[in-house]
Amino acid sequence: MVLGIARGVLDRYPGLRATWPVKQASAWRQRQSWRANPRRMASWYRDAADMRTRLFVSNLEVPEAPQLCAPVGVMVRLLDQDGATTASRHFALARNASLVVELRDLLPDERRGQVESGQVIVDFEGPQLGSSRAYLHWYNERSLTSSHEKYGLTIPAVGGYWTVPNVQDDDDYRVHLAVTNLDSRAYTSDVTLKDDEGHALHTSVELPPNGSRFLRLDSVFDNPRGFLHDRPGVLYFGNNRQPAMYYYFVQNMRLGTWRAQHL
């Protein structure tokens, strides 16, 4: 009722919309709306002896609409591989500023260095600016590889396959599969490995709601090295029309380095 009366007064006296109290009230309502309906982004993370994760989020003005850039809040949540929340923290991000977070610093002491696979969720409580996209660094003492989040404004939940070419499994290079379920339902993905002659191995990967997995190729398929017979193969992830993220990582066993690619 009070809101209806206020709107009636503004409709009758439109000049009041330009006054300081009304502008402040409007800005407060906008901030509350952004906090209730943030831009949600997400990605995969790991905190172990061989890999750590760093998160970047920027709040930068864009030339075509610099007035849209304003101080915002950013909520960061960490989930374990079974989809349970292990840590969360709210950050204030100034205009034309960037947030850099070592995800290990958010974890409880007993979980640091012990997270084989998890999901990081980032809620950006501000306008939908292109500069606000989250990026991840996966790194260790010898290497750094990176990618952007895979969630964004909408989640592509199409049917079909994501494809990984040039799959190897030998003493020098190992392929790992990172899969994260963005859905509140359990997720099953068909996985197919083909050799250079087109022969195929089939299996599936099951993930709990909001869960994730980091899987070495030889833990998914029996004897992939013998199956590929020292030739590169192709890996197919089946997408069953549920929202999920797929990354693959190549580990250089001799150098102790990683290289990541999102699908």
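On a predicted model such as this, the values are computed, not experimentally measured, just so you know. (Residues numbered from 1 in each chain as written. Predicted model: local features only at pLDDT ≥ 70, side-chain atom pairs only at ≥ 80, totals over all residues. Heavy atoms only, no water.)

A.B. asks: Any details on the overall build of the protein? Residues and values, ideally.
C.D. replies: Helix and strand counts for the protein come out as five helices and 16 strands. Within the protein, the proportion of its 263 residues that are buried is 45%. Looking at the protein alone, contacts between residues at least 24 apart form 75% of all its contacts between residues at least 6 apart. In the structure as shown, the protein presents an accessible area of about 13700 Å², 50% of it carried by carbon and sulfur atoms. (Helix = DSSP H or I, 4+ residues; strand = E, 2+ residues; numbered from the N terminus. Buried < 20%, exposed > 50% of the residue type's maximum accessible area, 1.4 Å probe, protein only. Contact = heavy atoms within 4.5 Å. Areas by Shrake-Rupley, 256 points an atom, 1.4 Å probe, with all protein chains shown as cover.)

A.B. asks: Go over unusual backbone geometry with me, naming the residues and quoting the values.
C.D. replies: Of note, Asn-166 is a non-glycine position whose phi angle comes to about 55 degrees, a positive value. Tracing the chain through its elements places Asn-166 in strand 9 (residues 159-167). We classify Asn-166 as partly exposed; its relative accessible area is 48%.

A.B. asks: Run through the pairing of strand 16 (residues 257-262), naming residues and quoting values.
C.D. replies: Note that strand 15 (residues 244-252) and strand 16 share six bridges and pair antiparallel. Pairing of Tyr-247 across the sheet is with His-262, part of strand 16. Taking the residues between adjacent antiparallel strands as the criterion, strand 15 and strand 16 are bridged by four residues, where Gly-256 takes a positive phi near 75 degrees. (Pairing = 2+ DSSP bridges.)

A.B. asks: Explain the sheet that holds strand 16 residue by residue, including any values.
C.D. replies: Taken in spatial order, the four strands make up an open sheet running 13-10-15-16, and their pairing is antiparallel. The two strands at the open ends of the sheet, each matched to only one other strand, are strand 13 (212-216) and strand 16. Neighbour to neighbour, the strand axes of the sheet diverge by 20 degrees on average, direction disregarded. By the bridge criterion, nine bridges tie strand 10 (residues 173-181) to strand 15 in an arrangement that is antiparallel. In the sheet register, Val-175 faces strand 15, and the bridge partner there is Val-250. (Axes fitted to C-alpha atoms, helices over the stretch in contact; angles between N-to-C directions.)

A.B. asks: I'd like to hear about the environment of Glu-149, residue by residue, with values.
C.D. replies: Looking at where Glu-149 falls in the secondary structure, it is placed in the loop between strand 8 (144-148) and strand 9. Here Glu-149 falls in the buried class, since its relative accessible area comes to 1%. Note: C-alpha distance between Glu-149 and Val-120 (29 residues apart in sequence) is 9.4 Å. Residues within four places of Glu-149 in sequence aside, it is in contact with Arg-39, Met-41, Ala-42, Ser-43, Arg-133, Ala-134 and Tyr-247.

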